[in-house]
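Chain residues, written in single-letter form:
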Amino acid sequence: MDKTLISLLKTQAFIDGAWVGEPRMVVTDKATGEEIARVPEMGAAETNAAIAAAHRAFPAWSKLLAKERAKILRRWYELIVEHADELALLLTKEQGKPLPEAKGEILYGAAFVELFAEEAKRVYGETIPTHKQDARVVIMKQPIGVVGAITPWNFPSAMITRKVSPALAVGCTVVVKPAEDTPLSALALAELAQRAGVPKGVLNIVTAKDPVPVGRALTESPLVRMITFTGSTEVGKILMEQAARTVKRVGMELGGNAPFIVFDDADLDRAVAGAIASKFRNAGQTCVCANRILVQDGVYDAFAEKLTAEVKKLKVGAGVETGVTVGPLINTAALKKVEEHVADAVAHGAKVVTGGKPSPLGGTYYEPTVLTEVTSKMKVSREETFGPVAPLFRFKTEEEAVRMANDTPFGLAAYFFTRDLGRCWRVAEALEYGIVGVNEGITSTEIAPFGGVKESGIGREGSHHGIEEFLETKYALMGGL
Ligand code: ADP
């Protein structure tokens, strides 16, 4: 890759303020399969070195005035925005999403840094009316300590800033392990953090091909006080089990199986636009992407027709090409899963209205797909497809829709479209989900709490709720007054 274009292309890991390790693991351009760069394959020893560095950096960083940390974070935010085009290009190359979407992610990710730079100054304690004449009850908020963060490939930049910036804002120090498919965005963020004045050891990035030893080192070290993870429910459970041995706090943003409900009284054009945005963003590879589209009987055919017309307008191709709206899938395993889900649905009676096969472009490209007559017998109803496939289920009543929507162990995001005000409230309250989009297909913003219920996770990221996750509550009884 042209290095003058990407001055933020780093090929070493970042530990204790130094770029270290021998570049070995190949990071590919997901559109072409070509090598972009190599990064180190680190293990337990390097992770422990990063943890030790974070632990050494913690006292000084946590003792800075909030205003001083805020200033450094603000500078980091400004640098990310200044380099947004460069970061977006790097992200598109290593991840595959179309360039405008990548730029959107960079700015969305930067917004967390901006927000938490501001929130750093608003971490308030409290005093509680005393229970003893000669004592006062004081509550302090303190940073939890060293944080281990493990992040996924579908948002290689924003998932890092969403975790790291609130942690740094309150005085925590962090060791990040980015996903093996997309380590370059993480390293570029670290470079900018260093330029912004984040002191050595405060932010460390450990790259690895095999995540297991790194995960073990992070979860087993008594110096690490919290594990924050975004990824699959399966891996989240492993990390929770491992973290239990040292009773660490955990923040878990796990898988979803988002229902997208279209009622008879919905504004159909709005519902179609919402479904396109929710389903096909990032080629369907987000944990809040609509996974099951539930459509009421009366509008089923009309919705299917309108949706199909819009899906046919989507353009598949390399993310750097103008006009492309659906990029490649992350790897061949992802492509295989999508093929398997569609084959299973068809075998059980679903109809392919458009798409339904890999794109003639080859590689990991898959055609945007609409399936009708989908039922709960099919895999697409139970598992996240994580691809550009819109399966349309049919329902008759509101009760049935809510029951179908909640019939899953997951509970991250749900969406529904209706113009009935009473139904808006009833259904929003009845859905067992952490996030509900009412007549909206995209809900993500730094100012609102993001997170799931049931097997979709623990804790919230973003907003003032997101900063609480990194704080301990200390009660001091000031006696003998
Ligand atoms: P996905 O299915 O989205 O790839 P994963 O849960 O497999 O999600 O991956 C999310 C992150 O978790 C990645 O950074 C990956 O390297 C890491 N990871 C996967 N398995 C483990 C593990 N056993 N221990 C620690 N981290 C892991």
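As annotated in an unreviewed UniProt entry, the protein carries the name Succinate-semialdehyde dehydrogenase and is attributed to Hyphomicrobium album. Here is the UniProt Sequence similarities (unreviewed entry) comment for the protein, exactly as written: "Belongs to the aldehyde dehydrogenase family."

### Quick look at the overall build of the protein
The helix and strand inventory of the protein stands at 15 helices and 20 strands. Here the protein has a C-alpha radius of gyration of 23 Å; the compact-globule value for 481 residues is 23 Å, and the two agree. Each of the three principal axes of the protein carries a C-alpha extent, and together these read 75 × 60 × 40 Å. A buried classification covers 57% of the 481 residues belonging to the protein. The long-range share in the protein, meaning contacts at least 24 apart out of those at least 6 apart in sequence, stands at 72%. Just so you have it, the protein exposes about 19100 Å², and 55% of that area is on carbon and sulfur atoms. Across the protein, 56 positive and 59 negative side-chain charges occur, with their mean positions spaced 4 Å apart.

### Let's talk about empty space enclosed by the protein
One pass over the structure, following the stated rule, counts two cavities of 30 Å³ or more. Reported here for the largest cavity is a volume of approximately 60 Å³. As for the largest cavity, its lining consists of M226, T228, G251, M252, E253, I458, G459, R460, E461, E469 and F470. Looking at the lining of the largest cavity, the elements that each hand over two or more residues are β10 (224-230) and β11 (249-253). If you tally residues by element for the lining of the largest cavity, the top one is β11, at three residues.

### Some words on the nonpolar core
I261, V262, I293, F303 and L307 are the most contacted members of the largest nonpolar core, which totals 67 residues. By residue number, the principal contributor to this core is helix α9 (residues 268-280), which donates six residues. By size, the runner-up hydrophobic cluster in this structure holds 66 residues, among which are I72, W76, A102 and A158.

### Remarks on the packing of helix α3 (residues 84-95) against helix α4 (residues 99-119)
Taken N-terminus to C-terminus, the directions of α3 and α4 make an angle of 120°; their axes are 8 Å apart at the nearest point. Relative to α4, the element α3 is oriented oblique. Seen along the crossing, α3 lies across α4 with a hand that is right-handed. Contacts between α3 and α4 pair A84, D85, L87, A88, L89, L91 and T92 from the former with L99, A102, K103, E105, I106 and L107 from the latter. Here the residues of the contact of α3 with α4 sort into nine nonpolar, one polar and three charged.

Analysis parameters
Residues numbered from 1 in each chain as written. Predicted model: local features only at pLDDT ≥ 70, side-chain atom pairs only at ≥ 80, totals over all residues. Heavy atoms only, no water. UniProt positions renumbered as here; feature names shortened; annotations may be inferred. Helix = DSSP H or I, 4+ residues; strand = E, 2+ residues; numbered from the N terminus. Rg over C-alpha atoms; globule rule 2.2 N^0.38 Å. Buried < 20%, exposed > 50% of the residue type's maximum accessible area, 1.4 Å probe, protein only. Contact = heavy atoms within 4.5 Å. Areas by Shrake-Rupley, 256 points an atom, 1.4 Å probe, with all protein chains shown as cover. Lys, Arg positive; Asp, Glu negative; His and termini not counted. Charge placed at Lys NZ, Arg CZ, Asp CG, Glu CD. 1 Å grid on protein atoms, 1.4 Å probe; cavity = no way out; pocket = protein on both sides within 12 Å on 5 of 7 lines; lining within 4 Å. Points joined across faces, edges and corners; volume = space filled by probe spheres on them. Core = buried A, V, L, I, M, F, W, Y, C linked by side-chain atoms within 4.5 Å. Axes fitted to C-alpha atoms, helices over the stretch in contact; angles between N-to-C directions. Parallel < 35°, antiparallel > 145°, perpendicular 65-115°, else oblique. Left-handed = near helix turned anticlockwise from the far one by under 90°. Nonpolar A, V, L, I, M, F, W, Y, C, P; charged D, E, K, R; others polar.

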